[in-house]
Amino acid sequence: MKIAIAGGHGQIARRLGRLLAARGDEPVGIVRNPAHRDDLLADGVRPVVCDLESASVEEVVAAVAGADAVVFAAGAGPGSGAARKHTVDHQAAALLADAALRAGIRRYLMVSTRGAGSPPPADADEVWAAYVRAKTAADEHLMAQDLDWTVLRPAALTDAPGTGHVRLTAGRSVGEVTRDDVARVLLALLDTPAAAGLVLELAAGPDPVPDAVARAVRERTGAR
């Protein structure tokens, strides 16, 4: 598969890119900073420079052309204010959805966050609240499109080595999950067309990643 990953230099995105490259797929990393190209090339990922905060939909269409799926793994990142949560975590994700539609790419995986889909707590930090609202708006925009979307909402992220075991549910994620395991789940979701239309909460858990994804699909369809 050819997979275009928005936010291609991010920590989850690079892990996913390396997994895809290792099994012979064609990952494309969309990056804002040209200085990040060498890192992606070393990962076996083809870099494409395109700033999703300022690009037109036509420029994003060109960046993702020919892909079998797109993954939104971009984010404004630590230290950014509320305004960039809106322009990156919401608007850039929506722009990628619009570009996927124009490019005829049906599969879209969204890396969202725990707490999205609900109002932030009244006592939440202003920037965290803006982030949750931005991710909620991005998820809602995506779910309104005629795309084969899957929304993945991980629990608190860690850099500990992955275990390959997770919990995927429709309920609120609690606890933590490693970035390694988020990337593994994204890979499994790319291989599972029947996961389209699911909003999944992800945390560390007892199930091997393939089993967790298969169970999530069974629970949606009612299959045994």
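These remarks concern the structure in this document.

Conventions used here
- Residues numbered from 1 in each chain as written.
- Predicted model: local features only at pLDDT ≥ 70, side-chain atom pairs only at ≥ 80, totals over all residues.
- Heavy atoms only, no water.
- Helix = DSSP H or I, 4+ residues; strand = E, 2+ residues; numbered from the N terminus.
- Rg over C-alpha atoms; globule rule 2.2 N^0.38 Å.
- Buried < 20%, exposed > 50% of the residue type's maximum accessible area, 1.4 Å probe, protein only.
- Contact = heavy atoms within 4.5 Å.
- Areas by Shrake-Rupley, 256 points an atom, 1.4 Å probe, with all protein chains shown as cover.
- Core = buried A, V, L, I, M, F, W, Y, C linked by side-chain atoms within 4.5 Å.
- Salt bridge = Lys/Arg side-chain N within 4 Å of Asp/Glu carboxyl O.
- Phe/Tyr/Trp six-rings, centres within 6.5 Å; stacked < 30°, edge-to-face > 60°.
- Expected span 1.5 Å × (residues − 1).
- Polar contact = N/O pair within 3.5 Å; in protein donor to acceptor, adjacent residues only side chain to side chain.
- Axes fitted to C-alpha atoms, helices over the stretch in contact; angles between N-to-C directions.
- Parallel < 35°, antiparallel > 145°, perpendicular 65-115°, else oblique.
- Left-handed = near helix turned anticlockwise from the far one by under 90°.
- 1 Å grid on protein atoms, 1.4 Å probe; cavity = no way out; pocket = protein on both sides within 12 Å on 5 of 7 lines; lining within 4 Å.
- Points joined across faces, edges and corners; volume = space filled by probe spheres on them.
- Nonpolar A, V, L, I, M, F, W, Y, C, P; charged D, E, K, R; others polar.

1. Notes on the overall build of the chain
Across its full length, the chain carries 7 helices and 11 strands. Its C-alpha atoms give the chain a radius of gyration of 16 Å, near enough to 17 Å, the size a compact globule of 224 residues would have. The principal-axis extent of the C-alpha atoms belonging to the chain is close to 45 × 40 × 35 Å. Relative to its full complement of 224 residues, the chain shows a buried share of 50%. When contacts within the chain are restricted to residue pairs at least 6 apart in sequence, those whose partners lie at least 24 apart make up 66%. Of the roughly 9900 Å² of accessible surface on the chain, a fraction of 51% belongs to carbon and sulfur atoms.

2. Quick word on the environment of Gly81
With respect to the secondary-structure elements, Gly81 resides in the loop between strand E4 (69–72) and helix H4 (82–103). Expressed as a C-alpha distance, the spacing of Gly81 and Val127, which sit 46 residues apart in the sequence, is 6.1 Å.

3. So, the nonpolar core
One finds Leu16, Val71, Leu152 and Leu186 to be the most contacted residues of the largest nonpolar core, which totals 32 residues. Of all the secondary structure elements, the ones that give two or more residues to this core are strand E1 (2–6), helix H1 (11–22), E4, strand E5 (107–111), strand E8 (165–169), helix H6 (179–190), strand E10 (198–204) and helix H7 (209–221). Sorting elements by how many residues they give to this core places H6 first, with 8 residues. In contact with Leu16, not counting residues within four places along its chain, are Ile5, Val71, Ala183, Leu186, Leu187 and Leu190.

4. Remarks on the pattern of salt bridges
Applying the stated criterion across every chain, the model contains 15 salt bridges. The network of salt bridges with common partners includes Arg15, Asp159, Arg179 and Asp180.

5. So, the packing of aromatic side chains
Tallying each qualifying case throughout the model produces 1 aromatic pair. On the basis of an interplanar angle of 45 degrees and a centroid distance of 5.4 Å, the ring pair of Trp128 and Tyr131 is categorised as tilted. One end of the pair is Trp128 and the other is Tyr131, both in helix H5 (residues 126–143) and 3 residues apart, which spans about a single turn.

6. Considering H5
For H5, spanning 18 residues, the distance from its first C-alpha to its last is 26 Å, which sits close to the expected 26 Å at 1.5 Å a residue. Along H5, the residues classified as buried are Ala129, Ala130, Tyr131, Val132, Ala134, Lys135, Thr136, Ala138, Asp139 and Leu142. Looking at the buried side of H5, the elements it contacts are E4, H4, E5 and strand E6 (148–154). The N-cap residue of H5 is Asp125: its side-chain oxygen and the backbone nitrogen of Val127 are 2.9 Å apart.

7. Some thoughts on the packing of H1 against H6
Direction vectors running N to C along H1 and H6 enclose 50 degrees, while the axes themselves pass 9 Å from each other. Between H1 and H6, the interaxial angle falls into the category oblique. The two elements H1 and H6 meet at a crossing, and its hand is right-handed. On H6, the residues touching Gln11, Ile12, Arg15, Leu16, Leu19 and Leu20 of H1 are Arg179, Asp180, Val182, Ala183, Arg184, Leu186, Leu187 and Leu190.

8. A few points about the layout of surface pockets
Approximately 1100 Å³ is the volume attributed to the largest pocket. Along the walls of the largest pocket sit 39 residues, with Ala73, Ala74, Gly75, Ala76 and Gly77 positioned nearest its centre. At the level of secondary structure, the elements contributing two or more residues to the lining of the largest pocket comprise H1, strand E2 (26–31), H4, H5 and strand E7 (156–158). Counting residues per element, the lining of the largest pocket draws most heavily on H4, which supplies 5 residues. Split by residue class, the lining of the largest pocket holds 19 nonpolar, 11 polar and 9 charged.

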